[in-house]
Amino acid sequence: MSGSGVVVTGLGCVTPLGSDVTTTWEAAVAGRSGVTRLPADLDERLPVQIGASAPAEVDAGDVSPKELRRMDRAVILALAATREAMAQAGLEEGKSYDGDRAGVAIASGIGGVTNLLAQHRVYLEKGPRRVSPFTIPMSLANMPSGITAIQHGLRGPNLCHVTACAASAQAVGESLYALRRGDVDIMVAGGTEAAILPLVIAGFANMQALSKRNDEPERASRPFDLERDGFVIGEGAATLVLEREDHARARGAKIFASVLGYGTAGDASHMAAPDPEGGGARRCMEAALKDADLEPGDVGHINAHATSTPAGDEVEAAAIRKIFGTHAESLPVSATKSMTGHLLGASGALESILSVCALATGTLPPTLNLDAPDPECRLDHVDGKARATQAQVAMSNSFGFGGVNAALLFERGET
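What comes next is a walk through the structure. (Residues numbered from 1 in each chain as written. Predicted model: local features only at pLDDT ≥ 70, side-chain atom pairs only at ≥ 80, totals over all residues. Heavy atoms only, no water.)

### Some points on the sheet that holds strand β7 (residues 236-244)
One open sheet accounts for eleven strands, arranged β5-β4-β6-β7-β1-β8-β15-β14-β9-β10-β12; its pairing is mixed. A single partner strand is all that each edge strand has here, and the edge strands are β5 (158-159) and β12 (380-381). Across six bridges, strand β4 (residues 102-107) lies against strand β6 (residues 186-193) in parallel orientation. Its bridge partner being in β6, Gly103 is matched across the sheet by Met187. The sheet strands contacting helix α11 (residues 310-324) are β9 (301-303) and β14 (393-400), and the helix crosses β14 at an angle near 140°. (Pairing = 2+ DSSP bridges. Helix = DSSP H or I, 4+ residues; strand = E, 2+ residues; numbered from the N terminus. Contact = heavy atoms within 4.5 Å. Axes fitted to C-alpha atoms, helices over the stretch in contact; angles between N-to-C directions.)

Structure (structure tokens):
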């Protein structure tokens, strides 16, 4: 670390595995699944009755009960994750940072859909005059960033990437660029999603995108397995505090990792299915390596996007083999969605946190339910149990509907 790079000084999350980073990481290393049957009263007509829910009650910080009632769950989850990340980074406005030099980029694939659907029911049942005046503000996808900025006095760039399941990876990557340019000293970057709702489940299910293993929730998400039949919808939020390294060192911050590189590329192929040739996936990984000035052999771990869909996992595995060549035979790959489910727009940030934790602890999280690896997905899978590692660099992949692809590279810090 030269002092001129970008580093990670804080991590925060609320996930199906726990209400904070420590609990989530310990559960991931232990190979515990956060997938369960959904409440019986959700809608018995749904073909999918499983999901990966975050804890119902979370600590959103200094927010009054009245304010909380106005907020969409996606906002509340983002506030809880950011509260932890800011505290871990030791950041207090006016003392450890200048709010004019601190920004926020919290992404979401769907936004405040819980609030929007609830108010639609009010409209149908009680009429237009009973619809809340907060309906539109609290349904906007950028409101988690907006409310987070208000809570922490982040008066720099205020961004929201809405690029499906690559959204929060892009939030981290574009924050990296802002810090490198010197626009800011600090960026709070991540994502949030709260969309385990009948309409959303029905839409994904009718696309044949979701697993229908209702009788085996914990075995439903099975990336790279021959019997995978779709992803499991999840919810949660994850944020990282990114800083210019010179700023972090000047205030004596603990450095968990460096953000070395970021690449993004489009498929321009299909609205939902991945490019069967994996062009966008390959180009984003190549771009991240080029941005970091690294060779493929420098990467010691990959946290794959690997949602457990038949086409997606195969395409990603082929793209990894294409980029990493013979190194792919001994390059450990984890698929943590097998435990967390798919947090949609928040998944890239969560998997970035898990990648940082893997480097910091020298432990690679496992892939669950890989009982019969698909020959078309042949890789060095971290299968079933966590694995010790001396890896110094990890890649995290995130791909989304609309043909959006992003890859991030992290280097082990000084923890």
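After that view of the structure, there is still more to cover.
### A closer look at the packing of helix α1 (residues 21-30) against helix α13 (residues 347-361)
Interaxial distance between α1 and α13 falls to 11 Å at its minimum, and their mutual angle equals 75°. With respect to α13, the axis of α1 lies roughly perpendicular. Facing Val21, Thr24 and Trp25 of α1, the residues of α13 in contact are Leu350, Ile353, Leu354, Cys357, Ala358 and Thr361. The residue inventory of the contact of α1 with α13, partitioned by class, reads seven nonpolar, two polar and no charged. (Parallel < 35°, antiparallel > 145°, perpendicular 65-115°, else oblique. Nonpolar A, V, L, I, M, F, W, Y, C, P; charged D, E, K, R; others polar.)

### Quick look at the nonpolar core
Note on soluble globular proteins: their nonpolar side chains tend to be buried together. Core analysis: the biggest nonpolar cluster contains 44 residues, and Val8, Leu11, Leu240, Leu242, Val259, Ile353 and Phe410 have the highest contact counts within it. The dominant element in this core, judged by the number of residues it contributes, is α13, at eight residues. Residue contacts for Ile353: discarding those within four places in its chain leaves Leu11, Gly12, Cys13, Val21, Ala238, Thr239 and Leu240. (Core = buried A, V, L, I, M, F, W, Y, C linked by side-chain atoms within 4.5 Å. Buried < 20%, exposed > 50% of the residue type's maximum accessible area, 1.4 Å probe, protein only.)

### Focus: the pairing of strand β8 (residues 257-266)
Of all ten residues in β8, eight are buried, a share of seventy percent or more. As paired strands, strand β1 (residues 6-14) and β8 are joined by two bridges and run antiparallel to one another. Opposite Val8, over in β8, you have Ala257 as the bridge partner. When β8 meets strand β15 (residues 404-412), the two strands line up antiparallel, connected through nine bridges. In the strand pairing of β15, Gly263 is matched with Ala407.

### With respect to the packing of aromatic side chains
Under the counting rule described, the total for this entry stands at three aromatic pairs. Note on Phe204 and Phe231: the rings are 5.2 Å apart at their centroids and 75° apart in plane angle, and the pair reads as edge-to-face. Of this pair, Phe204 sits in helix α8 (residues 198-206) while Phe231 sits in the loop between α8 and β7, placing them 27 residues apart in sequence. Members of the aromatic cluster, connected to one another through ring pairs, are Phe204, Phe231 and Phe401. (Phe/Tyr/Trp six-rings, centres within 6.5 Å; stacked < 30°, edge-to-face > 60°.)

### What to know about α8
Those residues of α8 that sit buried are Val200, Ile201, Phe204 and Ala205. Relative to the axis of α8, the buried residues are bounded by an arc of 125° and lie together on one face. Turned more than 90 degrees off the buried face of α8, the exposed positions are Leu199 and Asn206. For α8, the secondary structure elements touched by its buried residues are α4 (113-126). Among the residues trailing α8, Gln208 stands out with phi positive, at a value near 65°. (Arc of directions from axis to C-beta.)

### Considerations on unusual backbone geometry
Not every positive phi belongs to a glycine, and Phe224 is a case in point at roughly 70°. By secondary structure assignment, the location of Phe224 is in the loop between α8 and β7. Located in the positive-phi region is Asn369, a residue other than glycine, with phi close to 65°. Along the chain, Asn369 turns up in the loop between β11 (363-364) and β12.

### With respect to the state of the cysteines
What the rule picks out here adds up to zero disulfides. With no disulfide partner, Cys165 has as its closest neighbouring cysteine sulfur the one in Cys284, 14 Å distant. Left without a disulfide partner, Cys377 is nearest to the cysteine sulfur of Cys284, which lies 17 Å away. (Disulfide = S-S within 2.5 Å.)

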